[in-house]
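As a plain string of letters, each chain reads:
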Amino acid sequence: MKRSIWIALVLLAALPQGVFGAENHLNAQQQLGRRLFEQSCGVCHTRPTLISGMYGPELSRVNLGGQEELLRMFISNGTERMPGFKYTYNPEQIAAIAAYIKTLPPGTQDIPTARTPTKAPPPAQ
């Protein structure tokens, strides 16, 4: 029993600083953007499990050359595959989402999946 407690403490100590306070470095606008991102964007732009794929691309501060104006435009108007949010969120909320995206480092979601896509088996005759 004592050994498992020590192992747990060592593992907790090995975690990077800020894991438990992920929002501590975000200002109020970015915190709002994070909440809105998790509500509306995360379903496509984050990985729900390590082995699942993502529908949309990974978003980070390097998207669209890091230009916040372009991020706001894409969030507002959408693309062929992504809905626009100009009727869902006001300009301040869209700016908050863009500000939050600008805090995301690249490479946190876009990892190869454990499964490789396969073709569907031929239909039984």
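A few points on the structure.

The rules behind the values
- Residues numbered from 1 in each chain as written.
- Predicted model: local features only at pLDDT ≥ 70, side-chain atom pairs only at ≥ 80, totals over all residues.
- Heavy atoms only, no water.
- Helix = DSSP H or I, 4+ residues; strand = E, 2+ residues; numbered from the N terminus.
- Contact = heavy atoms within 4.5 Å.
- Phe/Tyr/Trp six-rings, centres within 6.5 Å; stacked < 30°, edge-to-face > 60°.
- Buried < 20%, exposed > 50% of the residue type's maximum accessible area, 1.4 Å probe, protein only.
- Lys NZ or Arg CZ within 6 Å of the ring centre and 35° of its normal.
- 1 Å grid on protein atoms, 1.4 Å probe; cavity = no way out; pocket = protein on both sides within 12 Å on 5 of 7 lines; lining within 4 Å.
- Points joined across faces, edges and corners; volume = space filled by probe spheres on them.
- Core = buried A, V, L, I, M, F, W, Y, C linked by side-chain atoms within 4.5 Å.
- Arc of directions from axis to C-beta.

**Focus: the environment of Leu-36**
Item 1. Structurally, Leu-36 can be placed in helix H2 (residues 28–45).
Item 2. Sequence-wise, Leu-36 and Tyr-89 are 53 residues apart; in three dimensions their C-alpha atoms are separated by 9.0 Å.
Item 3. In this structure, Leu-36 is in contact with Cys-41, Tyr-89, Gln-93 and Ile-97, ignoring residues within four places of it in sequence.

**Some points on the packing of aromatic side chains**
Item 1. Per the stated rule, a full pass over the model turns up two aromatic pairs.
Item 2. With centroids separated by 6.0 Å and ring planes inclined at 25°, the aromatic side chains of Phe-85 and Tyr-89 adopt a geometry described as stacked. Tyr-89 carries the same exposure label as Phe-85, and that label is buried.
Item 3. A cation over an aromatic ring shows up here: Arg-81 above the ring of Tyr-55, its NZ or CZ 4.6 Å from the ring centre.

**As for the layout of surface pockets**
Item 1. Its boundaries defined by the atoms lining it, the largest pocket holds a volume of some 440 Å³.
Item 2. Along the walls of the largest pocket sit 20 residues, with His-45, Pro-57, Leu-59, Thr-79 and Met-82 positioned nearest its centre.
Item 3. Sorting the residues of the lining of the largest pocket by element identifies H2 and helix H3 (68–77) as the ones contributing at least two each.
Item 4. For the lining of the largest pocket, the element with the highest residue contribution is H2, accounting for five residues.

**Topic: the nonpolar core**
Item 1. Core analysis: the biggest nonpolar cluster contains 15 residues, and Phe-37, Ile-75, Tyr-89, Ile-97, Tyr-100 and Ile-101 have the highest contact counts within it.
Item 2. Counting only elements with at least two residues in this core, the list comes to H2, H3 and helix H4 (91–101).
Item 3. If we ignore the near neighbours within four places in the chain, the residues touching Ile-97 are Gly-33, Leu-36, Phe-37, Cys-41, Ile-75 and Tyr-89.

**With respect to H3**
Item 1. Looking at H3, one finds that the buried residues are Leu-71, Ile-75 and Ser-76. All buried residues of H3 fall inside an arc of 130° around its axis, so they share one side.
Item 2. Along its buried surface, H3 packs onto H4.
Item 3. Residue Gly-78 follows H3 closely and has a positive phi angle near 75°.

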